[in-house]
Amino acid sequence: MKAWILNTPASVKERPLTAVEMPVPTPAEDELLLRVHACGICRTDLHIVEGELPMRRTPLIPGHQIVGHVTSLGSRVEGVAIGDRVGVAWLNRTCGVCRFCISQRENLCERAAFTGWTVDGGYAEYAVAPAAYTYPMPDSFSDIQAAPLLCAGIIGYRSLRLTGISESEWQGARLGLYGFGAAGHVCIQVARSRGAEVYVCTRDREKHQALANELGATWVGDAKAEPPVNLDAAIIFAPAGELVPIALKALTKGGTLVLGGIHMSAIPTFDYDLIYGERVVRSVANNTRSDGRQFLLEAASIPVRTHTQTFAFDQANEALIALKNDAIRGAGVLMTTSK
Ligand SMILES: [Zn+2]
Ligand SMILES: [Zn+2]
């Protein structure tokens, strides 16, 4: 099969991914083999390729938003058939026995495996994944539409949950989103369908601000602009620590600020006033399978429409460069179906 591998992290400008031919992997007894159709491009891929996250496997096939169909099954797989279309997300496998796994917090598992980081991912024509950690994909989404839901979508969904706003409180809630890439543009659609007013702070007038307006933001401003109202909750998707005190300034008493990224630049010191009044700052780490399943159902019922920019399979390095330059409107997707 054709695959993209990372041997040594480097700036994407140096095109650190190498195209190779390699054997199609063999699924273990609890795994599926997938013919990959599309793989979403995520900022986490960028953090891995550029070395902000340490290498956990060398060489590595990146990519953790995989949509494909099942071409073979391990001997112990049940409930999935050859030909089924499934998705693979970042949480690849958990131990099932640690204190986090046994308390509905498998996202924090001590021995979790992660797709496209600790195990090979989807920048390839084929990929294997543990059947129990894959998601049936709703038919209403095309492969391209579906790919960005698998990380950007699920993490946005979990971030919404961690704001602490309950089902009955969403109507009229004031939510801030800082950064408006793949995750932001899905998150706003879920929040709006629940009845929230969404205030979007993002750089890039032409792409990100325009898309936020198109998707029904109540107000759109620059990355560091001050929204015209106090926010009940806010989510920072941009990996920029300097936004934390800025977002706290906009948050009402008792409000929660959720940090949605796996990596963030250093957070500057700030006055206690900004967090006093029982404001909460918390991060989001990975997702549980239940987050994934619930999100895909809600996304299909809204229905969420992802805005995507597709890249041909041989354009993987260019796709990462575009992501780094904020040059993608919505979510980037690497197409792997070229025959
Ligand atoms: Zn565990
Ligand atoms: Zn991701």
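Heads up: the structure comes first, above all this text.
Residues numbered from 1 in each chain as written. Chains lettered and ligands numbered in written order. Predicted model: local features only at pLDDT ≥ 70, side-chain atom pairs only at ≥ 80, totals over all residues. Heavy atoms only, no water.

1. Looking at the overall build of the protein
A count of helices and strands for the protein gives eight helices and 17 strands. Taking the principal axes of its C-alpha atoms as reference, the protein extends roughly 55 × 45 × 35 Å. A total of 339 residues make up the protein; the buried ones form 55% of that total. Total accessible area on the protein stands at roughly 14,200 Å², and carbon and sulfur atoms take up 49% of it. If the 32 positive side-chain charges of the protein are averaged to one point and the 34 negative ones to another, these points end up 2 Å apart. (Helix = DSSP H or I, 4+ residues; strand = E, 2+ residues; numbered from the N terminus. Buried < 20%, exposed > 50% of the residue type's maximum accessible area, 1.4 Å probe, protein only. Areas by Shrake-Rupley, 256 points an atom, 1.4 Å probe, with all protein chains shown as cover. Lys, Arg positive; Asp, Glu negative; His and termini not counted. Charge placed at Lys NZ, Arg CZ, Asp CG, Glu CD.)

2. As for the pairing of strand S4 (residues 66–73)
It is a general feature of regular strands that their side chains alternate between the two faces of the sheet. Examined bridge by bridge, strand S3 (residues 31–41) and S4 share seven bridges and lie antiparallel to one another. Counterpart to Val-36 in the pairing with S4 is Gly-68. Across four bridges, S4 lies against strand S5 (residues 85–88) in antiparallel orientation. When the sheet's bridge partners are listed, Gly-68 is paired in S5 with Val-86. (Pairing = 2+ DSSP bridges.)

3. Brief notes about unusual backbone geometry
Of note, the bond from Thr-58 into Pro-59 is cis; its omega dihedral lies within 30 degrees of zero at -10°. Between Ile-302 and the following residue, Pro-303, the backbone shows a cis peptide bond with an omega angle of -20°. Following the sequence through the fold, Pro-303 ends up in the loop between helix H7 (289–301) and strand S16 (308–311). With phi around 60°, Glu-278 is a residue other than glycine that occupies positive phi space. Mapped onto the elements, Glu-278 comes out in the loop between strand S14 (251–259) and strand S15 (280–283).

4. Quick notes on the coordination of the zinc ion (ligand 1)
The zinc ion (ligand 1) binds to the protein through Cys-95 (SG), Cys-98 (SG), Cys-101 (SG) and Cys-109 (SG); the donor distances cover 2.3 to 2.4 Å. Mapping the donors of the zinc ion (ligand 1) onto the primary sequence gives the spacing C-x2-C-x2-C-x7-C. (Donors = N, O, S within 2.8 Å, 3.2 Å for Na, K, Ca; no water.)

5. Re helix H6 (residues 243–250)
Of all eight residues in H6, six are buried; the element is thus mostly enclosed. When we look at burial in H6, the residues that qualify are Leu-243, Val-244, Pro-245, Ala-247, Leu-248 and Ala-250.

6. A look at the packing of aromatic side chains
Evaluated as defined, the whole model comprises seven aromatic pairs. Centre to centre, the rings of Trp-90 and Trp-117 are 5.7 Å apart; their planes meet at 10°, and the pair counts as stacked. Residue Trp-90 is found in the loop between S5 and strand S6 (91–93), and its partner Trp-117 is found in the loop between strand S7 (113–114) and strand S8 (126–130); the two are separated by 27 residues along the sequence. The pair formed by Trp-90 and Trp-117 is uniform in burial state, with each residue classed as buried. Note on Tyr-157 and Phe-295: the rings are 5.7 Å apart at their centroids and 50° apart in plane angle, and the pair reads as tilted. Here Tyr-157 is found in helix H3 (residues 152–162), whereas its partner Phe-295 is found in helix H7, with 138 residues between them in sequence. Of the two residues, Tyr-157 and Phe-295, neither departs from the other in class, the shared state being buried. Here the aromatic residues Trp-90, Phe-114 and Trp-117 are joined through ring pairs into a cluster of three or more. Here the guanidinium or amino end of Arg-35 rests over the ring plane of Tyr-126, the centre of that ring lying 5.4 Å away. (Phe/Tyr/Trp six-rings, centres within 6.5 Å; stacked < 30°, edge-to-face > 60°. Lys NZ or Arg CZ within 6 Å of the ring centre and 35° of its normal.)

7. Structural notes on the pattern of salt bridges
Considering all chains together, one arrives at 18 salt bridges under this definition. Across the pair Glu-50 and Lys-324 runs a salt bridge whose closest N-O atoms are separated by 3.0 Å. A residue pair is termed long-range when its members are at least 10 positions apart, and Glu-50 in the loop between helix H1 (43–49) and S4 and Lys-324 in helix H8 (residues 316–324) qualify at 274 residues. Overall, the relative accessible area of 37% leaves Lys-324 in the partly exposed class. Where Arg-203 meets Asp-326, a salt bridge forms, and the shortest distance between an N and an O atom there is 2.7 Å. Of the two residues, Arg-203 is situated in the loop between strand S11 (197–201) and helix H5 (205–214) and Asp-326 in the loop between H8 and strand S17 (331–335); the sequence distance between them amounts to 123 residues. Its relative accessible area of 53% is what places Arg-203 among the exposed residues. Judged by relative accessible area, Asp-326 falls into the buried class, the value being 13%. (Salt bridge = Lys/Arg side-chain N within 4 Å of Asp/Glu carboxyl O.)

8. Notes on the sheet that holds S11
Remark on secondary structure: sheet strands pair via backbone hydrogen bonds, oriented parallel or antiparallel. Strand order in the open sheet formed by six strands is S12-S11-S10-S13-S14-S15, with parallel pairing between adjacent strands. Of all the strands in the sheet, the pair left with one neighbour each is strand S12 (219–221) and S15. Averaged over all adjacent pairs, the angle separating strand axes in this sheet is 15°, with direction ignored. (Axes fitted to C-alpha atoms, helices over the stretch in contact; angles between N-to-C directions.)

9. Examining the packing of H3 against H7
Two elements in contact, H3 and H7, have axes separated by 9 Å at closest approach and are oriented at 100°. Comparing the axis directions of H3 and H7 gives the class roughly perpendicular. In contact with Gly-153, Ile-154, Tyr-157, Arg-158 and Arg-161 of H3, H7 contributes Asp-291, Gly-292, Gln-294, Phe-295 and Glu-298. Counted by class, the contact of H3 with H7 contains three nonpolar, three polar and four charged residues. (Parallel < 35°, antiparallel > 145°, perpendicular 65-115°, else oblique. Contact = heavy atoms within 4.5 Å. Nonpolar A, V, L, I, M, F, W, Y, C, P; charged D, E, K, R; others polar.)

10. A word on the side chain of Thr-163
Looking at where Thr-163 falls in the secondary structure, it is placed in the loop between H3 and strand S10 (174–178). For Thr-163, a relative accessible area of 5% corresponds to the buried category. In terms of polar contacts, Thr-163 uses its side chain to reach the backbone amide nitrogen of Ile-165, at 3.3 Å. Not counting the four nearest positions on each side in its chain, Thr-163 is found in contact with Trp-170, Leu-175, Ala-233, Ile-235, Thr-256 and Val-258. (Polar contact = N/O pair within 3.5 Å; in protein donor to acceptor, adjacent residues only side chain to side chain.)

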